[in-house]
Amino acid sequence: MKMGQKISFDNLAEEPYASIICYPKPNNVELRKRLKELQRLKVRLIEFSGDKEVFNISILGKGCVGIVTIAYVNGEKVALKIRRVDADRAKMEMEAEMLKKANSVGVGPKLLDFSKNFLLMQYVEGDLLPLWLEKTPETTRIKTVLHRILEQCWRLDKVGLDHGELSHAPKHVIIDCKDNPFILDFETASINRRPSNVTSICQFLFISGQVAEKVNEKLGLKDKKMIIESLRTYKAFRTRENFEKVLQACNV
Ligand SMILES: Nc1ncnc2c1ncn2[C@@H]1O[C@H](COP(=O)(O)OP(=O)(O)O)[C@@H](O)[C@H]1O
Ligand SMILES: [Mg+2]
């Protein structure tokens, strides 16, 4: 990972940091508001490091809603999600609520705090799933991680929380150094839809797309028809028994 600078709170009003706090374009009123929020959240330092870049500055990640960086709160290293000024939502509250619900069944980085424009959560050091798969030769480790991801999706299904973006999730699963997967980004999650986490992630991991191809290449081709059939049954009757048939069909 590219190392970056630690910028103390007092210097965040300077460029290019102001433009990251108010990505993609700063304005004075917004910047002042956001700095006050950071102060309230006790963010003392922001560390600009990671594999992504904006304005030549390293960050952990960037999506449609946020810029994610490392921050320090009470000396603890955490992940800070900054709402983009051009995001299609006015606040982070809903995402915080959804993440908290996911946390209640042991899924996702732990939610630490939030404000209108920021969300503080556990920092997960690791690789996104596609890169992790590329780097990991042992099939038993791959099976274990895929099994853990499916179990997490089962728990989300059970608690009625639909993630919403798991059918294409190259940027939404990080694996840490202990082979623990973390499902990220609950900004499009909902408790008002019929949850389809298990079916969506199976689509992504085993049925179609580059990650599925890589998984098939590493673990050997599986009977896709059988997987699809087991998912159909699971979808109709979301029981533990039917979920275990999905695990069997996927061979994880
Ligand atoms: N808790 C975290 N620890 C480490 N990296 C993270 C964490 N949360 C997000 N990231 C990184 O930031 C990227 C964007 O985060 P995400 O929540 O998906 O933002 P968006 O809602 O804007 O899509 C992720 O793909 C991931 O690489
Ligand atoms: Mg995202």
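About the cut-offs
- Residues numbered from 1 in each chain as written.
- Chains lettered and ligands numbered in written order.
- Predicted model: local features only at pLDDT ≥ 70, side-chain atom pairs only at ≥ 80, totals over all residues.
- Heavy atoms only, no water.
- Near = heavy atom within 4 Å.
- Polar contact = N/O pair within 3.5 Å; in protein donor to acceptor, adjacent residues only side chain to side chain.
- Areas by Shrake-Rupley, 256 points an atom, 1.4 Å probe, with all protein chains shown as cover.
- Helix = DSSP H or I, 4+ residues; strand = E, 2+ residues; numbered from the N terminus.
- Nonpolar A, V, L, I, M, F, W, Y, C, P; charged D, E, K, R; others polar.
- Donors = N, O, S within 2.8 Å, 3.2 Å for Na, K, Ca; no water.
- Buried < 20%, exposed > 50% of the residue type's maximum accessible area, 1.4 Å probe, protein only.
- Phe/Tyr/Trp six-rings, centres within 6.5 Å; stacked < 30°, edge-to-face > 60°.
- Axes fitted to C-alpha atoms, helices over the stretch in contact; angles between N-to-C directions.
- Parallel < 35°, antiparallel > 145°, perpendicular 65-115°, else oblique.
- Left-handed = near helix turned anticlockwise from the far one by under 90°.
- Contact = heavy atoms within 4.5 Å.
- Salt bridge = Lys/Arg side-chain N within 4 Å of Asp/Glu carboxyl O.

1. Description of the site of ligand 1
With respect to spatial proximity, 22 residues lie near ligand 1, and among them Gly-66, Lys-81, Gln-122, Lys-171 and Asp-185 are the closest. In the environment of ligand 1, a nitrogen atom lies 2.9 Å from a nitrogen or oxygen atom belonging to the backbone of Gln-122. Here Lys-171 contributes a backbone N or O atom positioned 2.7 Å from an oxygen atom of ligand 1. Across the complex, the protein chains shield 95% of the 550 Å² of accessible surface that ligand 1 would expose by itself. Listed by contribution, the elements that provide at least two residues to the shell around ligand 1 are strand E5 (61–62), strand E6 (66–73), strand E7 (76–83) and strand E9 (118–122). Grouping the constituent residues of the shell around ligand 1 by class yields 12 nonpolar, 5 polar and 5 charged.

2. What to know about the coordination of the magnesium ion (ligand 2)
Bound to the magnesium ion (ligand 2) on the protein side are His-172 (NE2) and Asp-185 (OD), at distances that span 2.1 to 2.3 Å. One end of the pair, His-172, is in the loop between helix H5 (139–159) and strand E11 (173–176); the other, Asp-185, is in the loop between strand E12 (181–183) and helix H6 (197–207), with 13 residues separating them in the sequence. Like His-172, the residue Asp-185 is buried in the burial classification.

3. Notes on the packing of aromatic side chains
Enumeration over the complete set of coordinates arrives at 5 aromatic pairs. Aromatic pair Tyr-17 and Phe-48: ring centres 5.3 Å apart, planes at 20°, arrangement stacked. Linking Tyr-17 in helix H1 (residues 17–21) with Phe-48 in strand E2 (residues 43–48), this pair joins segments that are 31 residues apart in sequence. On the basis of relative accessibility, which here comes to 11%, the residue Tyr-17 falls in the buried class.

4. Quick look at the packing of H5 against helix H7 (residues 210–219)
One can describe the packing of H5 onto H7 by two numbers: an axis separation of 10 Å at closest approach and a directional angle of 135°. The angle between the axes of H5 and H7 places the two elements in the oblique class. By crossing handedness, the relation of H5 to H7 is classed as left-handed. Facing H5, whose interface residues are Thr-139, Ile-142, Lys-143 and Leu-146, H7 presents Val-215, Lys-218 and Leu-219. Grouping the constituent residues of the contact of H5 with H7 by class yields 4 nonpolar, 1 polar and 2 charged.

5. Section: the pattern of salt bridges
A complete count under the given rule lists 16 salt bridges for this structure. Between Arg-34 and Glu-30 there is a salt bridge; the shortest N-O distance is 2.8 Å. On the criterion of helical spacing, the pair formed by Arg-34 and Glu-30 is a turn pair, its members being 4 residues apart in helix H2 (residues 28–40). Assigned by exposure class, Arg-34 and Glu-30 land together as buried. Among the salt bridges present, the one from Glu-138 reaches Arg-141, with a minimum N-O distance of 3.1 Å.

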